[in-house]
Amino acid sequence: MAKFYQVKKEFGGVTYTAQFNGISAALEAIDDCYIDGTMVVSSKKLASYLFEHVIVDPKGLTADDFDSMDAFNEVTIWARGVMEGKFRDKKEQSEA
């Protein structure tokens, strides 16, 4: 059974806390973020999901809280990794 994890990381002077909610939640998130009628994941839908369900602090983030696409991408790429369980070290991953 998957354990739920939280991890913190600082970007641009702001500390973010993200939570791993399990592989089923990650799969459902990706499925829900496809652009209708395509096999393309919507960046906007995925970011909204990450800000609502994965980044638990600070709460209520939106894309407009970032000054640049680079800053936005840095945080959302990290959050997606946490969502997928990629933030743990190799030993912890093999035990999960």
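Our structure is the block above this text.
Residues numbered from 1 in each chain as written. Predicted model: local features only at pLDDT ≥ 70, side-chain atom pairs only at ≥ 80, totals over all residues. Heavy atoms only, no water.

Q: What should I look at first to understand the overall build of the protein chain in this one?
A: Summing up its helical and strand segments, the protein chain has 4 helices and 3 strands in all. Along the protein chain, helices (α) and strands (β) appear in the sequence β-β-α-α-β-α-α when read from the amino end. Residues counted as buried form 33% of the 96 residues belonging to the protein chain. Contacts spanning at least 24 positions in sequence make up 56% of the contacts within the protein chain whose residues lie at least 6 apart. Split by element, the accessible area of the protein chain, about 6500 Å² in all, is 52% carbon and sulfur. (Helix = DSSP H or I, 4+ residues; strand = E, 2+ residues; numbered from the N terminus. Buried < 20%, exposed > 50% of the residue type's maximum accessible area, 1.4 Å probe, protein only. Contact = heavy atoms within 4.5 Å. Areas by Shrake-Rupley, 256 points an atom, 1.4 Å probe, with all protein chains shown as cover.)

Q: Any chance you could explain the nonpolar core here in plain terms?
A: One recurring pattern in soluble globular proteins: nonpolar side chains tend to sit buried together. Among the nonpolar cores identified, the biggest contains 24 residues, and Tyr16, Phe51, Val54, Ile55, Phe66, Trp78 and Met83 are the most heavily contacted of them. Of all the elements in the fold, those that place two or more residues in this core are β1 (5-11), β2 (14-20), α1 (23-32), α2 (43-54) and α3 (69-83). Non-local contacts of methionine 83, meaning those with residues more than four positions away in its chain, are made with Phe20, Gly22, Ala26, Ala29, Ile30, Leu46, Tyr49, Leu50 and Val54. (Core = buried A, V, L, I, M, F, W, Y, C linked by side-chain atoms within 4.5 Å.)

Q: For this particular structure, what's the right way to read empty space enclosed by the protein?
A: Taking a probe equal in size to a water molecule and rolling it over the atoms shows the remaining empty space. The full count for this structure, using the stated rule, is 1 cavity of 30 Å³ or more. There is about 30 Å³ of room inside the largest cavity. Residue lining of the largest cavity: Gln19, Phe20, Asn21, Gly22, Ala25, Ala26, Tyr49, Val54 and Met83, and that is the complete set. Of all elements in the fold, only β2, α1 and α2 reach the threshold of two or more residues within the lining of the largest cavity. Looking at the lining of the largest cavity residue by residue, the classes come out as 6 nonpolar, 3 polar and no charged. (1 Å grid on protein atoms, 1.4 Å probe; cavity = no way out; pocket = protein on both sides within 12 Å on 5 of 7 lines; lining within 4 Å. Points joined across faces, edges and corners; volume = space filled by probe spheres on them. Nonpolar A, V, L, I, M, F, W, Y, C, P; charged D, E, K, R; others polar.)

Q: It is not clear to me how α3 should be interpreted in this structure. Could you clarify?
A: Quick reminder: α-helices carry 3.6 residues per turn. Residues three or four places apart thus point the same way. Given a rise of 1.5 Å per residue, 15 residues ought to cover 21 Å, and the 20 Å separating the end C-alpha atoms of α3 matches this to within 8%. Here α3 has its buried residues at Phe72, Val75, Thr76, Trp78, Ala79, Gly81, Val82 and Met83. Looking at the packing, one finds that the buried side of α3 touches β1, β2, α1, α2 and β3 (55-57). Two residues or fewer after α3 comes glycine 85, characterised by a positive phi angle close to 80°. (Expected span 1.5 Å × (residues − 1).)

Q: What exactly am I supposed to notice about the sheet that holds β2 here?
A: Backbone-to-backbone hydrogen bonds join strands into a sheet, with any given pair of strands oriented parallel or antiparallel. Strand order in the open sheet made by the 3 strands is β1-β2-β3, with antiparallel pairing throughout. Each edge of the open sheet carries a strand with a single partner, namely β1 and β3. Averaged over all pairs of adjacent strands, the angle between strand axes in this sheet comes to 35°, irrespective of strand direction. Looking at chain direction, β1 and β2 are connected through 7 bridges and run antiparallel. Bridge assignment links lysine 9 to a residue of β2, and that residue is tyrosine 16. (Pairing = 2+ DSSP bridges. Axes fitted to C-alpha atoms, helices over the stretch in contact; angles between N-to-C directions.)

Q: Looking at this structure, I do not really get the side chain of serine 42. What am I missing?
A: Considering the arrangement of structural elements, one finds serine 42 in the loop between α1 and α2. Once residues within four sequence positions are removed from consideration, serine 42 is found in contact with Cys33 and Ile35.

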